[in-house]
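# Report on the structure
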Amino acid sequence: MNAYLRQVYAVVRKDLLQELRTRQRVATMGAFAVLVAVLFNYAVDPTIVRIQNIAAGLLWMTLIFAGIMGVGRTFALEAEDGAFQGVLLAPIPRDAIYLGKVISNTVLVTVVVALTVGVFGLFFQLQYGTHPVALALTLFLGVVGFVALATLFGAVTAGTTLGEALLPVLLFPLLVPLVVYGVGATGRLLQNRPLAEVEGNIRILGAFAVACIAIGAVLFRHVVED
Amino acid sequence: MASAVALLGASLLMVLLWMVFFWVPTEAVQGVIQRIFYVHVPAAWVSFMAFGIVALCGVMYLWLKDDRFDRLAVSAAEGGMVFTTIVLLTGPLWGKIAWGTYWTWEPRLTLTLLLWFIYLGYFMVRNATENPERGKRFAAVVGIVGALDIPLIHVSVLWFRSLHPQPVVLNAEGPALDADMGITIGMGVLAFTVFFFGVMMLRYQLECARARAELLEAR
């Protein structure tokens, strides 16, 4: 088991080191998140709706769109020069590669989500409610579930001629539970509703994340077989 | 064999049409439009069953790497997509008269729409690979994950609706079924199921013939 964790860690370290040196994905995702917030500012007429009232939905949409950009790149980067072949040749199980990628992608998307939440606070005077820890947990579990599915299907789309353009088609129908429970919990936490109202949502988000990781770990080897 | 089943299904469909238009009593509250029920519900049943077959065959394909499972899966998926389209066309027609709107975020409606898109993704992935063997594996993965996610989607859209009750007086289920209506809907499910399997088997034979042709060409 210890050896297995070391293998996962090796993949995480490789991915994060690569990101640390290029800063490509975090930079594009981060810029996207900030700029989309600027556009949201003009897309919502404050004399009709208060942006705070729809902030939860905007936050989750930003998470998903920025996440798709970032996670979609994971395999595209490695497709160049056949780098991914090298990863596959490494004497480690395929699920360790998958878990490593899920962890590194989760780190990246979490950074971007934290940035987005901060930017929303700054731009839209968004108050984080009375349970910031629960809010952070909700968003984090959402990121994990999202990344688990997006990493699996990112590997799928990287192997197709359509590439990342296909990722939303495959991913969005499956993300409905995530958005329903995630936005539901986030919106109520932002409105200072009691914790008991969102507890169930957070549990389901957690279960969704675990289930997606399990499915991905089992199926990933069939995606990258050749 | 396959054409016999398909023909049997087609004749059952004819009987069903006769029952729907001439035999079954008109529903008291909704009137004539309710007759669409006998097409709509069997089609929905077949689309979900087809997706079950796609996922099961996907698992078997990934496990045994036997091309026959993939051919079966793609045959079921094509049939499933056609029947899902039927559900999505008949649903709004009925909804417009019964509910007063073509589209509402009614859970089953939403679920069917998403199912249609999962089928779409299934075919897009399949056709977007240079290596056909890879396309088959990708499609199997999409089918399996889709089937696993569908119950979750269903639960979540139900939950979503419970927070926002629809301003709809009529219940989709209508009143408890009259015996003749029960017989007709039973006939509908039977006819659609037999027809689906017949068409699926025909499609499967076509896929096998195509594989043989490719083999001969390669020689």
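Residues numbered from 1 in each chain as written. Chains lettered and ligands numbered in written order. Predicted model: local features only at pLDDT ≥ 70, side-chain atom pairs only at ≥ 80, totals over all residues.

### A word on the overall build of chain A
Counting secondary structure elements, chain A contains 9 helices and 0 strands. Across chain A, helices and strands are ordered from the amino to the carboxyl terminus as α-α-α-α-α-α-α-α-α. Taking the principal axes of its C-alpha atoms as reference, chain A extends roughly 55 × 35 × 30 Å. Taking all 226 residues of chain A together, 45% fall into the buried category. Across chain A, the fraction of contacts at a sequence separation of at least 24, relative to all contacts at a separation of at least 6, is 84%. (Helix = DSSP H or I, 4+ residues; strand = E, 2+ residues; numbered from the N terminus. Buried ≥ 20, exposed ≤ 12 C-beta atoms within 10 Å, placed from the backbone. Contact = placed C-beta atoms within 7 Å.)

### Notes on the overall build of chain B
Secondary structure assignment for chain B yields 6 helices and 0 strands. Beginning at the N terminus, the succession of helices and strands in chain B can be written as α-α-α-α-α-α. Within chain B, the proportion of its 219 residues that are buried is 39%.

### Here we look at the interface of chain A and chain B
Across the contact, 21 residues belong to chain A and 27 residues belong to chain B. Here the side of chain A that touches chain B gets 5 residues from one element, more than from any other, and that element is helix H9 (residues 196–223) of chain A. Class assignment of the residues belonging to the side of chain A that touches chain B gives a composition of 15 nonpolar, 4 polar and 2 charged. (Nonpolar A, V, L, I, M, F, W, Y, C, P; charged D, E, K, R; others polar.)

### Concerning the confidence of the model for chain B
Residues and elements named next belong to chain B. Here chain B averages 82 in pLDDT, while 91% of its residues score no lower than 70. Mean pLDDT across the secondary structure elements of chain B bottoms out at helix H5 (residues 132–163), with 82, and peaks at helix H2 (residues 37–64), with 89. Predicted confidence for residues 163–171 stays below pLDDT 50, and this span has 6 contacts to residues more than four positions away or in other chains. Under the prediction, the complex receives an ipTM of 0.85, its pTM being 0.87. (pLDDT = per-residue confidence, 0-100.)

### Regarding the packing of helix H5 (residues 94–124) of chain A against helix H6 (residues 132–158) of chain A
Residue and element names in this part refer to chain A. As a packed pair, H5 and H6 sit with axes 9 Å apart at the nearest point and diverge in direction by 135 degrees. As the angle between them shows, H5 and H6 are arranged oblique. Two packed elements cross with a definite hand, and for H5 against H6 that hand is right-handed. Where H5 abuts H6, its residues Tyr 98, Lys 101, Val 102, Asn 105, Thr 106, Val 109, Thr 110 and Val 113 lie against Leu 139, Phe 140, Val 143, Val 144, Val 147, Ala 148 and Thr 151. Its residues assigned to classes, the contact of H5 with H6 comprises 10 nonpolar, 4 polar and 1 charged. (Axes fitted to C-alpha atoms, helices over the stretch in contact; angles between N-to-C directions. Parallel < 35°, antiparallel > 145°, perpendicular 65-115°, else oblique. Left-handed = near helix turned anticlockwise from the far one by under 90°.)

### Let's talk about the packing of helix H2 (residues 24–43) of chain A against H5(A)
All names here are of chain A. Taken N-terminus to C-terminus, the directions of H2 and H5 make an angle of 25 degrees; their axes are 9 Å apart at the nearest point. With respect to their mutual orientation, H2 and H5 come out roughly parallel. At the point where H2 passes H5, the crossing takes the right-handed sense. Contacts between H2 and H5 involve Arg 25, Val 26, Met 29, Gly 30, Ala 33, Val 34, Ala 37 and Asn 41 from the former and Leu 108, Val 111, Val 112, Leu 115, Thr 116, Val 119, Phe 120 and Phe 123 from the latter. Looking at the contact of H2 with H5 residue by residue, the classes come out as 12 nonpolar, 3 polar and 1 charged.

### As for the environment of A:Arg73
Residue and element names in this part refer to chain A. Structurally, the position occupied by Arg 73 is in helix H3 (residues 55–79). Classification of Arg 73 by C-beta neighbours within 10 Å gives buried; the count is 20. Once the C-alpha coordinates of Arg 73 and Ala 158 are considered, the two residues, 85 residues apart in sequence, prove to be 8.7 Å apart.

### Brief notes about the environment of A:Thr161
Here A:Thr161 shows up in the loop between H6 and helix H7 (167–171). A tally of 11 C-beta atoms within 10 Å means that A:Thr161 is categorised as exposed. Beyond its immediate chain neighbours, meaning those up to four positions away, A:Thr161 contacts B:Ala128, B:Thr129 and B:Glu130.

### Considerations on unusual backbone geometry
In this structure, A:Gln125 is a non-glycine residue whose phi angle is positive, near 50 degrees. Topologically, A:Gln125 is positioned in the loop between H5 and H6. Residue B:Lys65 is not a glycine yet carries a positive backbone phi of 55 degrees. Note on placement: B:Lys65 falls in the loop between H2 and helix H3 (67–98).

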